[in-house]
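Take a look at the letters that make up each chain.
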Amino acid sequence: MGKQFYQPLGGHEMPRFGGIATMLRLPHLPSPKGLDAAFVGVPLDIGTSLRPGTRFGPREIRTESVMIRPYNMATGAAPFDSLSVADIGDVPINTFNLLDAVRIIEESYDRILEHGVTPLTLGGDHTITLPILRAMRRKHGKVGLVHIDAHADVNDHMFGEKIAHGTTFRRAVEEGLLDCQRVVQIGLRAQGYTADDFDWSRRQGFRVVQAEECWHRSLEPLMAEVRLKVQGGPVYLSFDIDGIDPAWAPGTGTPEIGGLTTIQAIEIIRGCQGLDLVGCDLVEVSPPYDKTGNTSLLGANLLYEMLCVLPGVKRR
Ligand SMILES: N=C(N)NCCCC(=O)O
Ligand SMILES: [Mn+2]
Ligand SMILES: [Mn+2]
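Note that the structure is a prediction, hence the values are computed from the model and not measured.

1. Considering the overall build of the protein
Turning to step 1, where the next piece is worked out: On a plain count of helices and strands, the protein comes out with nine helices and eight strands.
Turning to step 2, where the next piece is worked out: By the compact-globule yardstick of 20 Å for 316 residues, the protein fits well, its C-alpha radius of gyration being 18 Å.
Turning to step 3, where the next piece is worked out: Seen along its three principal axes, the alpha-carbon backbone of the protein occupies a region of about 55 × 45 × 40 Å.
Turning to step 4, where the next piece is worked out: Within the span of the protein, comprising 316 residues, buried residues form 59% of the whole.

The following block contains the structure:
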């Protein structure tokens, strides 16, 4: 049987407030088999250090995704005409044991990648990116990384714990998951304990772009630099919603002022077009702190923009 393409349920077929709330109103399929890309939820928040609530992120991002239409009027991308995409549901994490949850996530992503599917992940806190990168290493080898965040997430430990949402990328370097010369961190800001909070990344070979370097400017020139830095192999895109200023993304667990704008976030993702993207995630949306739902709406739209820059997506 030939490849099956799926279109989102249209706003004129079923009112947007009706129907089952899958990501982008796509079909919910039990398996990634036969797909090119899949939206996956990881409802985890037991790795967070301040506000919890990201366990509700996947569900609310789906709820707020109902406004999104299939064709990208700005870039001409028609993702559902080019790729077979669906929502394959959530990873059944163990919400009472973080290390067991990490094991479950890793096994789930091994299975997804076995089918040759590109995962677009709805978080959950940033801990989830470590098991995903472990599975990526087995499938693709070391990956480059475009990481947007207020935080470097390279702490050696938090309360003595080696795995939490602020240690993800130090563990990833130690475990040989990243091609460190092809890593960029964008949006880092706020206070630290020593200069080494950011310099550790630089010593690994990362390009660190602090928020102040982004203020008051288009990020299109920066993305030209980023593409040159990370190209030449498979790339993973990890977007922590707190990289965006809390004025636009208040529903998150560790907010920091002076962040990126929504427009700069779109520029960054669209600037990834042409890279060999093998997976993306959007993490740290905490609906209980998101009174209007706008943070989930922003997350849903950024995930759609990630879909639009995947390899193989044609533009009209
Ligand atoms: N939100 C994420 N992923 N990390 C926050 C780390 C907070 C801290 O370093 O104190
Ligand atoms: Mn963060
Ligand atoms: Mn983070």
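Once the structure has been displayed, the description carries forward.
2. A closer look at the coordination of the manganese ion (ligand 3)
Turning to step 1, where the next piece is worked out: Coordination of the manganese ion (ligand 3) by the protein involves His126 (ND1), Asp149 (OD), Asp153 (OD) and Asp240 (OD), with metal-donor separations of 2.1 to 2.2 Å.
Turning to step 2, where the next piece is worked out: Spacing between the donor residues of the manganese ion (ligand 3) along their common chain follows H-x22-D-x3-D-x86-D.
Turning to step 3, where the next piece is worked out: Relative accessible area serves as the criterion here: at 0%, His126 is assigned to the buried category.

3. Quick notes on the coordination of the manganese ion (ligand 2)
Turning to step 1, where the next piece is worked out: Every protein donor of the manganese ion (ligand 2) is listed here as Asp149 (OD), His151 (ND1), Asp240 (OD), Asp242 (OD) and Asp242 (OD), and their distances to the metal cover 2.1 to 2.4 Å.
Turning to step 2, where the next piece is worked out: Donor residues for the manganese ion (ligand 2) sit on one chain with the sequence pattern D-x1-H-x88-D-x1-D.
Turning to step 3, where the next piece is worked out: The manganese ion (ligand 3) is placed at 3.2 Å from the manganese ion (ligand 2), the two being bridged by Asp149. Here Asp149 is found in the loop between strand 4 (143-148) and helix 5 (168-174), whereas its partner Asp242 is found in the loop between strand 7 (234-240) and helix 8 (262-270), with 93 residues between them in sequence.
Turning to step 4, where the next piece is worked out: Note on Asp242: relative accessible area 1%, which makes it buried.

4. Quick look at the layout of surface pockets
Turning to step 1, where the next piece is worked out: Taken as a whole, the largest pocket spans an internal volume of roughly 630 Å³.
Turning to step 2, where the next piece is worked out: Contributing to the lining of the largest pocket are 28 residues, with His151, Asn155, Met158, Tyr193 and Asp197 lying nearest its centre.
Turning to step 3, where the next piece is worked out: The greatest single-element share of the lining of the largest pocket, amounting to four residues, is contributed by helix 6 (residues 196-204).
Turning to step 4, where the next piece is worked out: Residue composition of the lining of the largest pocket, grouped by class: eight nonpolar, 10 polar and 10 charged.
Turning to step 5, where the next piece is worked out: In this structure, the second largest pocket spans a volume of roughly 240 Å³.
Turning to step 6, where the next piece is worked out: For the second largest pocket, the lining is made up of 13 residues, of which Pro30, Pro32, Ile88, Ser108 and Ile112 are closest to its centre.
Turning to step 7, where the next piece is worked out: For the lining of the second largest pocket, the secondary structure elements donating two or more residues are strand 2 (85-90) and helix 3 (98-114).
Turning to step 8, where the next piece is worked out: Among the residues forming the lining of the second largest pocket, the class breakdown is seven nonpolar, four polar and two charged.

5. Comments concerning unusual backbone geometry
Turning to step 1, where the next piece is worked out: In this chain, Gly123 is followed by Gly124 through a cis amide linkage whose omega measures 10°.
Turning to step 2, where the next piece is worked out: Within the secondary structure, Gly124 is located in the loop between strand 3 (118-123) and helix 4 (129-140).
Turning to step 3, where the next piece is worked out: Despite not being glycine, Phe159 has its phi angle at roughly 55°, a positive value.
Turning to step 4, where the next piece is worked out: Position of Phe159 among the secondary structure elements: in the loop between strand 4 and helix 5.
Turning to step 5, where the next piece is worked out: What makes Phe159 exposed here is its relative accessible area of 87%.
Turning to step 6, where the next piece is worked out: Phi angles above zero are rare outside glycine, and His216 is one such case at about 65°.

6. Observations concerning the site of ligand 1
Turning to step 1, where the next piece is worked out: Residues in close proximity to ligand 1 include Ser49, His126, His151, Asp153, Asn155, Met158, His165, Asp240, Asp242, Thr254 and Glu284, which together make up its full environment.
Turning to step 2, where the next piece is worked out: The backbone of His165 places a nitrogen or oxygen atom 3.3 Å from a nitrogen atom of ligand 1.
Turning to step 3, where the next piece is worked out: In this structure, Thr254 approaches ligand 1 through a side-chain N or O atom, which is 3.0 Å from a nitrogen atom.
Turning to step 4, where the next piece is worked out: One can see that ligand 1 is located within the largest pocket.

7. Some points on the UniProt feature "binding site: Mn(2+) 1" (unreviewed entry) in the protein
Turning to step 1, where the next piece is worked out: UniProt's feature table lists "binding site: Mn(2+) 1" (unreviewed entry) at Asp149, His151, Asp153, Asp240 and Asp242, given in the numbering used throughout. Spatially, the listed residues are clustered: although they cover 94 residues, their C-alpha atoms lie within 12.0 Å of one another. From this annotated list, the subset lining the largest pocket comprises His151, Asp153, Asp240 and Asp242.
Turning to step 2, where the next piece is worked out: For Asp149, a relative accessible area of 0% corresponds to the buried category.
Turning to step 3, where the next piece is worked out: For Asp149, the contacting residues outside a window of four places in its chain are His126, Ile186, Gly187, Leu188, Asp240, Asp242 and Gly243.
Turning to step 4, where the next piece is worked out: Side-chain polar atoms of Asp149 contact the side chain of His126, separated by 3.2 Å.
Turning to step 5, where the next piece is worked out: Relative to the helices and strands, Asp153 is located in the loop between strand 4 and helix 5.
Turning to step 6, where the next piece is worked out: In contact with Asp153, not counting residues within four places along its chain, are His126, His147, His165, Gly166, Thr167, Thr168, Phe169, Arg170 and Asp240.

8. What to know about the pattern of salt bridges
Turning to step 1, where the next piece is worked out: For the structure on display, the rule yields 20 salt bridges.
Turning to step 2, where the next piece is worked out: Among the salt bridges present, the one from Asp196 reaches Arg203, with a minimum N-O distance of 2.5 Å.
Turning to step 3, where the next piece is worked out: In this structure, the salt-bridge partner of Glu213 is Arg207, at a minimum N-O distance of 2.6 Å.
Turning to step 4, where the next piece is worked out: Looking at Glu213, the relative accessible area reads 34%, which means it is partly exposed.

Cut-offs and rules
- Residue positions within a chain follow its written sequence, with the count starting from 1.
- The naming scheme follows written order: chains are lettered A onward, ligands numbered 1 onward.
- In keeping with the predicted nature of the model, local features appear solely for residues at pLDDT of at least 70, side-chain atom pairs appear and are counted solely at 80 or more, and the whole-chain, interface and lining totals rest on all residues.
- Computation of side-chain values covers all heavy atoms of the structure but excludes hydrogens and water.
- Helix and strand assignments follow DSSP, with helices taken as H or I runs no shorter than four residues and strands as E runs no shorter than two, numbered in order from the N terminus.
- As a reference, a globule follows 2.2 Å times the number of residues to the power 0.38, and the radius of gyration itself is taken over C-alpha atoms.
- Three labels apply to residues, based on accessible area from a 1.4 Å probe with only protein chains included: buried if under 20% of the type maximum, exposed if over 50%, partly exposed otherwise in between.
- Metal sites are built from N, O and S donor atoms within 2.8 Å, or 3.2 Å for Na, K and Ca, and they leave out water, so they may look incomplete.
- Put simply, the grid is 1 Å and covers the protein atoms alone, a cavity is a trapped set of points that fit a 1.4 Å probe, a pocket is an open set with protein on both sides within 12 Å along at least five of seven lines, and lining residues have an atom within 4 Å of a point.
- Grid points are joined across faces, edges and corners, and a volume is the space filled by probe spheres set on the points.
- Residues are grouped as follows: Ala, Val, Leu, Ile, Met, Phe, Trp, Tyr, Cys and Pro are nonpolar; Asp, Glu, Lys and Arg are charged; all remaining types, including Gly, are polar.
- Here a residue is considered near a molecule or strand provided that any single heavy atom belonging to it is located within 4 Å of it.
- Under the rule applied, a polar contact is a pair of N or O atoms within 3.5 Å (in protein, one hydrogen donor and one hydrogen acceptor; residues adjacent in sequence only if both atoms are side-chain atoms).
- Those molecules having more than half of their atoms within 2 Å of a cavity or pocket grid point set are described as sitting in that cavity or pocket.
- UniProt positions are given in the numbering used here, feature names are shortened, and annotations may be inferred rather than shown by experiment.
- Here, two residues are considered to be in contact whenever any of their heavy atoms come within 4.5 Å of each other.
- Between Lys or Arg on one side and Asp or Glu on the other, a salt bridge is scored when a side-chain nitrogen of the former is within 4 Å of a carboxyl oxygen of the latter.

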